[in-house]
Amino acid sequence: MSDCIFCKIVAGEIPSRKVYEDEDILAFHDINPVAPVHFLIIPKKHIPTLADAAPEDIPVLGKMMQMAGTLAKQAGCNDGFRTVINTGRVGCQEVYHLHIHILGGDKPLGMMLPR
Ligand code: AMP
Ligand code: ZN
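Residues numbered from 1 in each chain as written. Chains lettered and ligands numbered in written order. Predicted model: local features only at pLDDT ≥ 70, side-chain atom pairs only at ≥ 80, totals over all residues. Heavy atoms only, no water.

Draft legend 1. Looking closely at the pattern of salt bridges. Tallying each qualifying case throughout the model produces 6 salt bridges. The partner of Glu21 in a salt bridge is Lys18, and the shortest N-O contact between them spans 2.9 Å. Take Glu21: its relative accessible area is 35%, and that puts it in the partly exposed class. Of the charged contacts in the structure, one is a salt bridge between Glu21 and Lys44, with a shortest N-O distance of 2.8 Å. Placement of the pair is Glu21 in strand β1 (residues 18-21) and Lys44 in the loop between β3 (37-43) and α2 (58-74), with a sequence separation of 23 residues. Bridged by salt links that share partners, the residues Lys18, Glu21 and Lys44 form one connected network. (Salt bridge = Lys/Arg side-chain N within 4 Å of Asp/Glu carboxyl O. Buried < 20%, exposed > 50% of the residue type's maximum accessible area, 1.4 Å probe, protein only. Helix = DSSP H or I, 4+ residues; strand = E, 2+ residues; numbered from the N terminus.)

Draft legend 2. Representation of the coordination of the zinc ion (ligand 2) in the model. Protein-derived coordination of the zinc ion (ligand 2) comes from Cys4 (SG), Cys7 (SG), His46 (ND1) and His97 (ND1), at a distance range of 2.0 to 2.3 Å. In this structure, the zinc ion (ligand 2) is surrounded by 4 donor atoms whose angles at the metal cover 106 to 116°, and the resulting shape is tetrahedral. For the zinc ion (ligand 2), the donor residues sit on a single chain with the sequence spacing C-x2-C-x38-H-x50-H. Here Cys4 matches Cys7 in class, with each residue buried. (Donors = N, O, S within 2.8 Å, 3.2 Å for Na, K, Ca; no water. Tetrahedral: all angles 85-135°; square planar, octahedral: opposite > 155°, others 65-115°.)

Draft legend 3. Geometry of the site of ligand 1. Neighbouring ligand 1 are 17 residues; Asp30, Asn86, Glu94, His99 and His101 lie closest to it. In the environment of ligand 1, an oxygen atom lies 2.7 Å from a nitrogen or oxygen atom belonging to the backbone of Glu94. Between Val95 and ligand 1, the recorded distance is 2.9 Å, taken from a backbone N or O atom to an oxygen atom. Look at ligand 1: alone it shows 510 Å² of surface, and the protein chains cover 90% of it. If you list the elements that add at least two residues to the shell around ligand 1, you get α1 (5-10) and β2 (25-29). Looking at which element gives the most residues to the shell around ligand 1, the answer is α1, with 3 residues. (Near = heavy atom within 4 Å. Polar contact = N/O pair within 3.5 Å; in protein donor to acceptor, adjacent residues only side chain to side chain. Areas by Shrake-Rupley, 256 points an atom, 1.4 Å probe, with all protein chains shown as cover.)

Draft legend 4. Structural view of α2. Between its first and last C-alpha atoms α2 spans 24 Å; for 17 residues at 1.5 Å apiece the expected length is 24 Å, and the two agree. At Met67, α2 is deflected by roughly 30°, the largest bend along its length. If you check which residues of α2 are buried, you get Val60, Met64, Met67, Ala68, Gly69, Leu71 and Ala72. (Expected span 1.5 Å × (residues − 1). Bend = angle between axes of the 7 residues up to and from the residue.)

Draft legend 5. Representation of the state of the cysteines within the structure. Following the criterion strictly, the structure yields 0 disulfides and no others. Counting only cysteine sulfurs, Cys4 is the nearest neighbor of Cys92, a cysteine outside any disulfide, at a range of 19 Å. (Disulfide = S-S within 2.5 Å.)

Draft legend 6. Seen up close, the pairing of β1. Of the strand pairs in this sheet, β1 and β2 are connected by 3 bridges, and their pairing is antiparallel. Its bridge partner lying in β2, Tyr20 is registered against Ala27. Here β1 folds back onto β2 in antiparallel fashion, the turn holding 3 residues. (Pairing = 2+ DSSP bridges.)

Draft legend 7. Broad picture of the sheet that holds β3. Read across the sheet, 5 strands follow the order β1-β2-β3-β5-β4 without closing on themselves; strand pairing throughout is antiparallel. Lying at the two open borders of the sheet, with one neighbouring strand each, are β1 and β4 (82-84). Across the sheet, the mean angle separating the axes of adjacent strands is 20° when strand polarity is ignored. (Axes fitted to C-alpha atoms, helices over the stretch in contact; angles between N-to-C directions.)

Shown next as structure tokens:
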């Protein structure tokens, strides 16, 4: 989608600090981190929100979930981490390209949430 900031990151038109990339997904550090570890995992396909995910998206959603644990551990989150998906207006979603926030660090995160 041409005016989507995360599609532009996928296309390399906007720079990002990449954590991981394959043919289906991309992970990159959040530009405004709210925890010592804070990166995002996105599908390369433009899916606006979790509520827009279709049955055909199940494989990429599964890969995002599986890679969440793999990449969190690679980032040093060996004692747990938080995953957040904000969806739509009520979920305070800011960027309408589906993404999983991965949040971690040394200390328990409390109830602080990205928005
Ligand atoms: P959400 O409220 O779940 O839609 O979160 C969007 C997230 O994207 C926020 O945490 C922003 O800091 C992050 N973000 C926005 N633009 C960029 C960017 N160019 N590179 C990395 N992260 C970004
Ligand atoms: Zn997009």
